[in-house]
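Chain residues, written in single-letter form:
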Amino acid sequence: MTAPNLSDDMTYDSENIFAKILRGEIPCNKVFEDVHALAFHDINPQAAVHVLVIPKGAYVSNEDFTANASDAEVAGFMRAVGQVARELGLAEPGYRILANHGTDSGQEVPHFHVHIFGGQNLGRMIKPLDK
Ligand code: AMP
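Colleague: Looking at this model, I keep getting lost on the overall build of the protein chain. Mind explaining?
Modeller: In terms of regular secondary structure, the protein chain is built from three helices and five strands. The N-to-C order of helical and strand elements in the protein chain reads α-β-β-β-α-α-β-β. For the protein chain, the C-alpha radius of gyration of 15 Å lies close to 14 Å, the compact-globule estimate for 131 residues. Overall size of the protein chain, expressed as C-alpha extent along the three principal axes, is 40 × 35 × 30 Å. Put simply, the protein chain has 131 residues, and 35% of those count as buried. A fraction of 58% describes how many contacts in the protein chain between residues 6 or more apart in sequence connect residues 24 or more apart. When the accessible area of the protein chain is evaluated, it comes to approximately 8,000 Å², of which 51% is carbon and sulfur surface. In the protein chain, which carries 10 positive and 17 negative side-chain charges, the distance between the mean positions of the two groups comes to 8 Å.

Colleague: Can you walk me through the sheet that holds strand S3 (residues 49–55) in this structure?
Modeller: Strands belonging to one sheet form pairs held by backbone hydrogen bonds; the direction of such a pair is parallel or antiparallel. Reading across the sheet, the five strands line up as S1-S2-S3-S5-S4 and stay open at both edges, with antiparallel pairing between neighbours. Lying at the two open borders of the sheet, with one neighbouring strand each, are strand S1 (30–33) and strand S4 (95–98). Recorded for the sheet is a direction-independent mean angle of 20° between the axes of neighbouring strands. In this structure, S1 lies alongside strand S2 (residues 37–41), joined through three bridges in antiparallel fashion. When the bridges of S2 are listed, Glu 33 appears paired with Leu 38.

Colleague: Honestly, the packing of aromatic side chains in this entry has me stumped. Any pointers?
Modeller: Centre-to-centre distance and the angle between the planes together describe a pair of aromatic rings. Applying the stated rule across the entire model yields five aromatic pairs. Considering the side-chain rings of Phe 18 and Phe 40, the 5.4 Å spacing of their centres and the 75° angle between planes classify their relative orientation as edge-to-face. With Phe 18 in helix H1 (residues 17–22) and Phe 40 in strand S2, the pair connects residues that are 22 residues apart, well separated along the chain. Members of the aromatic cluster, connected to one another through ring pairs, are Tyr 59, Phe 65, Phe 77 and Phe 112.

Conventions used here
Residues numbered from 1 in each chain as written. Predicted model: local features only at pLDDT ≥ 70, side-chain atom pairs only at ≥ 80, totals over all residues. Heavy atoms only, no water. Helix = DSSP H or I, 4+ residues; strand = E, 2+ residues; numbered from the N terminus. Rg over C-alpha atoms; globule rule 2.2 N^0.38 Å. Buried < 20%, exposed > 50% of the residue type's maximum accessible area, 1.4 Å probe, protein only. Contact = heavy atoms within 4.5 Å. Areas by Shrake-Rupley, 256 points an atom, 1.4 Å probe, with all protein chains shown as cover. Lys, Arg positive; Asp, Glu negative; His and termini not counted. Charge placed at Lys NZ, Arg CZ, Asp CG, Glu CD. Pairing = 2+ DSSP bridges. Axes fitted to C-alpha atoms, helices over the stretch in contact; angles between N-to-C directions. Phe/Tyr/Trp six-rings, centres within 6.5 Å; stacked < 30°, edge-to-face > 60°.

These values are about where atoms sit, not about what they do.
Printed below as a string of C-alpha cells:
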C-alpha cells in the first residue's frame with residue numbers, strides 16, 4: 001500500500017478502511033469498544049500481540065486529533081488505550097504504543113490509530129539508523 005502524503009492533506013477521507021470498519025461495512029476482530037474508541041487486532045501483526053485502537057471521531061492522525069478533538073474525546077481515547085492493554089494482560093510484563101503521522105512515518109491508513117504491541121520482548125525502541 002502506498003502511503004498518502006498526510007502532512008500535506010489533513011482532509012478526512014470517509015472511505016478509508018477504518019471508517020468502513022467503524023460503520024460496520026468491513027469486519028474486524030474486535031477486542032474492545034466504548035463511546036470513544038474501537039480496538040481490533042491488526043490484520044498483519046508485527047508482534048505476538050498487535051492491536052489497533054481508533055477513536056470513534058473522524059480524525060486523520062495524531063496531528064488532527066490533538067489539535068481538533070475535544071478534551072473528552074482525547075481523554076476518553078487515551079483511557080481506552082490503557083484499558084485495552086490491561087484487558088489484553090499486557091500491563092505486566094509491558095507493551096509499546098505507537099502512532100504514525102505523515103510522510104516520514106509511513107502512515108498508511110488515514111484515520112488516527114494507536115498500535116499496541118506486546119506479548120514478547122520488543123527490544124529497544126526503533127531500528128537504528130544505518131551509519
Ligand atoms: P499505519 O502504517 O500506522 O497507518 O498502520 C496501519 C495498520 O493497519 C497496519 O498495521 C495494517 O496491517 C493495518 N490494517 C490495514 N487494514 C486493516 C484491516 N482491515 N483490519 C485490521 N488492520 C488493518
